[in-house]
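One letter stands for each residue in the lines below.
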Amino acid sequence: MLAGITLAIACGHTPSATPRPAIEEPSLELPLLPRARRDYARCGEPFVIDAHTRIGGPREVASQLARWLGLPESAVGGGAADIDLVYTGGVVHDPAEGPLPIDEQSYVLEIGPGRKPTVSARGRGGLFYGAQTIAQLAGARRIGMPTPPLGPGDRWTLPCVRIEDEPRHAFRGMHLDVARHFFDRAVVERYVDMLAFYKLNVFHWHLTDDQGFRLDLPSHPELKSADGAYSAADVEAVVEHARARGVTVIPEIEMPGHTRSVLAAHPELSCTGEKQETPRTWGVFDDVLCAGNEGSYTLVEEMLRDVVAAFPSRLIHVGGDEVPPTRWEACPKCRAAMKAANVDAIGLEHVFMQRVFDMLAASKRRPMVWDEALPNGPARNPPVVVAWQSKERGELAVQRGFDTVFAPYQALYFNFRQSGRRELEPGHLGHLSWPLVHGFDVEPAPHVLGGEAALWTEYVTTQEDIDTLVLPRMAVHAETLWTGRRPAHELITRSRLQRPMLDASGVRYFVEPPGGTRPRSVVLDVRKVVLETPLFYPDGVVRYTRDGSIPTPASPRYRDPLSIIDTTTLTTALFLPSGRASKPVRALFVKETPRPAVATASAPRVRYYEGRFAKLAEIASPLAEVETDGVSLEAAARALGGRMKRDHFALVFDAVVKIAETGIHRFEIVGDDAARIEVDGELVAEVDTDPWPREADGEIALAAGLHAVRVTYLQGTEDRKLEIVVAGPSGRAPLEIAGVRGASAP
Ligand code: ACM
Ligand code: ZN
């Protein structure tokens, strides 16, 4: 505040004629994401760009800036420039070969007062970023298209500002899976331009997987998928498109797992030798390249020779994730290889990958791998590790001395829905909202290269799907890597200011709908509903209908809490100033009368099941049924004694609970891997074996007294958790179990 006041005085008319240094303050209200590391607002008139503005500097970058501003190529070079791009270095790293060192990505931009906009940088990367900052400050930059030409009366304005900028992390990546679904070169190039817009500089191109092999390799044309593959010309064009935007293309060729598409062409390289189809379903398949067959290594070597010839990137990603030991353990050749190397199946993967690392080193390239292939100790020709399983896996890789890229799925897998709701977005089940992205960070340190977010495309088929899932989360990701985590309100403000550029480019970022409703709620007499404007879209207007119709810009605008007194479908949507709207969200309010107390007290019982259940629906045939003293994993363990295993079991509890007060009761359940609660025979809340969330809740109107509750729990592996809370008129509490023997409860 104080700084703002000082600035206002200094910028106003002062009688003193004494020149004094411009007073500077950090400037928030700029349409720039990621925010610059240091930015200072300056006094002075905005700089005006019109159809006559000329740009001076190295032609490649100056031409890019001209295109971004809607100026003709003739605006570049020639006479005196109005905007200068000054290249001060003699630095020669090529972004096509790898992320540039940080100093080659840095730049200084000065706009006014009283001098022309100037970018100075000692690297081409920095010059590019400075030029792009100009185009964004002007609001002119477009994604995947040139800016329409500036007409005679058109103008852009640039605020007076000094920016000193460089990224915090050298490696700032985005991944795209083109194997599960194939995307045309045009979609890929637009994706790369979107990365560049956010100053991201690595495109991790996931080119092969079980469902597709998307490269036409000269030595192995039989591998390419019939339903889509990139030609040599496509690859060359994408690499060049990326290079011009400071982006390195890192190709990924999956091995030894996720190779069903390879085995479809070469069944002789699987452990069983059986004919294989390229699958149309998703998951982790048992069939992988046989690690005891020299033919596998020959094929890999030949594939990599072609890949190295096509991609200038020093880093070549060779997969290494999700390799089930099943086939190797049953294969005589693989068993012989294990015996010769004195390792188990896990060790055999390391042996396999080490051979691949050595092949790449022989071609003067560095391997990159998913973190399952993190070597246990020092490795020859060590790989760069992409830690996707957790932040801790990345920390372990760093601890072991490997260069590491952090890509934890919990924060950076953008294929998980940001709303968590299937009716609003494509993508995987899960709930990965932008605050989770904002909450993840990794400090610069030795061996920490940076971070990368992923987009797996099992449930992504169009460019619009891509836009919806990556934005706005990609902007948040980019800012954390470039600038460091900024307060959410800053991010939100800058995102709002920048949004017109996305709208003008036709980018279909996710518009979050209003909050405050659940899919189903219970009404007893009057229910007050408070609708919430999403935090990320403070400029959005909430509109609603009560008749099941879809809200339009003419529907009532939400201002005050709504009263619902009867069964009603409330439909809400958010409308942005641009005219874009969220998908509508339906909330069903059901008028109920409290269910009468029906149960009589009896001791709770638990049934015990064993099996590798994948879903709650698969649970069948109990092995035991015993009395218990509560509805919890601890109570079941006490009741079942040594029978209860660690993993792969299920429990079904039947209990009678005491409800103290008549009214609406919300049952909240946390179940890992899965759980369900039924009350008086009604399903109230259920979590099935989705990646997450592992929580669910649901409402039911109950009269005071005893009610029958059934709780089902499924344990797969790893975490075990079962928690149930009921929120009623008198507050939130654990279930109050009636009929426990030896206890005083009724
Ligand atoms: C991965 O998600 N399997 C890298
Ligand atoms: Zn084998």
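Thresholds applied
Residues numbered from 1 in each chain as written. Chains lettered and ligands numbered in written order. Predicted model: local features only at pLDDT ≥ 70, side-chain atom pairs only at ≥ 80, totals over all residues. Heavy atoms only, no water. Donors = N, O, S within 2.8 Å, 3.2 Å for Na, K, Ca; no water. Tetrahedral: all angles 85-135°; square planar, octahedral: opposite > 155°, others 65-115°. Helix = DSSP H or I, 4+ residues; strand = E, 2+ residues; numbered from the N terminus. Buried < 20%, exposed > 50% of the residue type's maximum accessible area, 1.4 Å probe, protein only. Phe/Tyr/Trp six-rings, centres within 6.5 Å; stacked < 30°, edge-to-face > 60°. Pairing = 2+ DSSP bridges. Axes fitted to C-alpha atoms, helices over the stretch in contact; angles between N-to-C directions. Arc of directions from axis to C-beta. Contact = heavy atoms within 4.5 Å. Parallel < 35°, antiparallel > 145°, perpendicular 65-115°, else oblique. Left-handed = near helix turned anticlockwise from the far one by under 90°. Nonpolar A, V, L, I, M, F, W, Y, C, P; charged D, E, K, R; others polar.

Student: Looking at this structure, I do not really get the coordination of the zinc ion (ligand 2). What am I missing?
Tutor: Tetrahedral coordination by four donors places them ideally at 109.5 degrees to one another around the metal; octahedral coordination by six donors ideally gives 90 or 180 degrees. Protein coordination at the zinc ion (ligand 2) comes from Cys271 (SG), Cys290 (SG), Cys331 (SG) and Cys334 (SG), with a distance range of 2.3 to 2.4 Å. Classification of the site at the zinc ion (ligand 2) as tetrahedral follows from its 4 donor atoms and the range of 104 to 116° in their angles at the metal. Summarised as a motif, the one-chain spacing of the donors to the zinc ion (ligand 2) is C-x18-C-x40-C-x2-C. Placement of the pair is Cys290 in the loop between α7 (260-265) and α8 (294-310) and Cys331 in the loop between α9 (326-330) and α10 (332-341), with a sequence separation of 41 residues. Comparing Cys290 with Cys331, the two get one shared label, buried.

Student: Looking at this structure, how should I read the environment of Val323?
Tutor: Mapped onto the elements, Val323 comes out in the loop between β14 (315-317) and α9. Exposure remark for Val323: the relative accessible area of 15% places this residue in the buried category. Between the alpha carbons of Val323 and Pro256 there is a distance of 7.0 Å; along the sequence they are 67 residues apart.

Student: Where do I start with the packing of aromatic side chains in this structure?
Tutor: Centre-to-centre distance and the angle between the planes together describe a pair of aromatic rings. Applying the stated rule across the entire model yields 21 aromatic pairs. With a centroid separation of 6.2 Å and 80° between ring planes, the pair formed by Trp205 and Phe311 is classed as edge-to-face. Of this pair, Trp205 sits in strand β10 (residues 202-206) while Phe311 sits in the loop between α8 and β14, and the two are 106 residues apart along the sequence. In this pair, the class of Trp205 matches that of Phe311, namely buried. When the centroid spacing of 5.9 Å and the interplanar angle of 35° are considered together, the rings of Tyr608 and Phe649 count as tilted.

Student: What is the right way to look at the sheet that holds strand β5 (residues 107-111) in this model?
Tutor: In a beta sheet, neighbouring strands are held together by backbone hydrogen bonds and run either parallel or antiparallel to one another. Pairing is mixed across the open sheet formed by 6 strands, whose spatial order is β1-β8-β5-β6-β4-β3. Here the strands that pair on one side only, and so sit at the sheet edges, are β1 (38-41) and β3 (55-56). Strand direction decides the pairing type here: strand β4 (residues 83-87) and strand β6 (residues 118-121), joined by 4 bridges, are parallel. What sits directly across from Asp84, in β6, is Thr118.

Student: What exactly am I supposed to notice about the sheet that holds strand β33 (residues 721-728) here?
Tutor: Strands sit in the order β31-β28-β33-β34 across an open sheet of 4 strands; the sheet is antiparallel. A single partner strand is all that each edge strand has here, and the edge strands are β31 (695-702) and β34 (731-734). The mean inter-strand angle of the sheet, taken between neighbouring strand axes irrespective of direction, is 25°. The pairing of β33 with β34 spans 4 bridges and is antiparallel. Opposite Val726, over in β34, you have Ala733 as the bridge partner.

Student: I'm lost on the pairing of strand β30 (residues 682-687) in this one. Help?
Tutor: Note on strand geometry: in a regular strand, side chains alternate between the two faces of the sheet. Sheet topology note: the strand β29 (residues 674-679)/β30 ladder contains 5 bridges and is antiparallel. Bridged to Val679 within β30 is Glu682. A loop of 2 residues connects β29 with β30, the two strands running antiparallel in sequence, and Asp680 in this loop sits at a positive phi of about 50°.

Student: How should helix α12 (residues 391-399) be read in this particular structure?
Tutor: The α-helix advances 3.6 residues per turn, and as a result positions three or four apart in sequence lie on the same side. Listing the buried residues of α12 in full gives Gly394, Ala397 and Val398. Along the axis of α12, the buried residues cluster in a sector spanning 100°; they form a single face. Away from its buried face, by an angle of more than 90 degrees, α12 presents the exposed residues Glu392 and Gln399. Turning to α12, the residues buried within the fold contact β16 (384-387), β17 (404-406) and β18 (448-453). Where α12 terminates, the next one or two residues include Gly401, which has phi positive at roughly 90°.

Student: Help me understand the pairing of β18, please; the structure alone is not making it clear to me.
Tutor: Summarising burial for β18: 5 of the 6 residues are buried, a large majority. Judged from the 3 bridges that link them, β17 and β18 form a sheet pairing that is parallel. Residue Thr404 lies in a different strand from β18, and its bridge partner there is Val448.

Student: Is there a simple way to explain helix α18 (residues 633-640) in this structure?
Tutor: When α18 is considered as a whole, its buried residues turn out to be Leu633, Ala635, Ala636 and Leu640. Down the axis of α18, the buried set is contained in an arc of 160°. They therefore lie on one face. Residues Glu634 and Arg638 are exposed on α18 and point more than 90 degrees away from its buried face. Its buried side turned inward, α18 meets β25 (605-610), β26 (624-627), β27 (649-659), β32 (705-715) and β33. Where α18 terminates, the next one or two residues include Gly641, which has phi positive at roughly 60°.

Student: Before we go on, may I ask you to explain the side chain of Asp193 in this structure?
Tutor: The topology assignment puts Asp193 in helix α5 (residues 185-197). What Asp193 contacts, discounting residues up to four positions off in sequence, is Arg141, Arg142, Ile143, Gly144, Met145, His241 and Arg245.

Student: Any chance you could explain the packing of helix α2 (residues 59-69) against helix α4 (residues 124-137) here in plain terms?
Tutor: For any two helices packed against each other, one specifies the inter-axial angle together with the distance between the axes. In the contact formed by α2 and α4, the axes pass within 10 Å of each other and the chain directions differ by 15°. Comparing their axes, α4 and α2 come out roughly parallel. Considering the relative orientation of α2 and α4, their crossing is right-handed. When α2 is examined against α4, the residues Glu60, Val61, Gln64, Leu65, Trp68 and Leu69 are found in contact with a partner set consisting of Arg124, Leu127, Phe128, Ala131, Gln132, Ile134 and Ala135. Residue composition of the contact of α2 with α4, grouped by class: 9 nonpolar, 2 polar and 2 charged.

Student: What is the right way to read the side chain of His204 from this model?
Tutor: Structurally, His204 can be placed in strand β10. The class of His204 is buried, set by a relative accessible area of 1%. Ignoring any residue separated from it by four or fewer positions in sequence, one finds His204 in contact with Met174, His175, Leu176, Ile250, Glu252, His317, Trp370 and Glu452.

Student: Help me understand unusual backbone geometry in this model?
Tutor: Most peptide bonds are trans, and most residues other than glycine sit at a negative phi. The omega torsion of the bond from Met255 to Pro256 falls at -15°, within 30 degrees of zero and hence cis. If you trace the backbone, Pro256 turns up in the loop between β13 (248-252) and α7. Omega for the bond connecting Leu471 with Pro472 falls within 30 degrees of zero, at 10°, which places this linkage in the cis form. Structurally, Pro472 is set in the loop between α15 (463-470) and α16 (473-482). The phi dihedral of His447 falls on the positive side, at around 75°, and the residue is not glycine. Within the secondary structure layout, His447 lies in the loop between α14 (434-438) and β18. One non-glycine residue, Ser621, lies in positive phi territory at about 55°.

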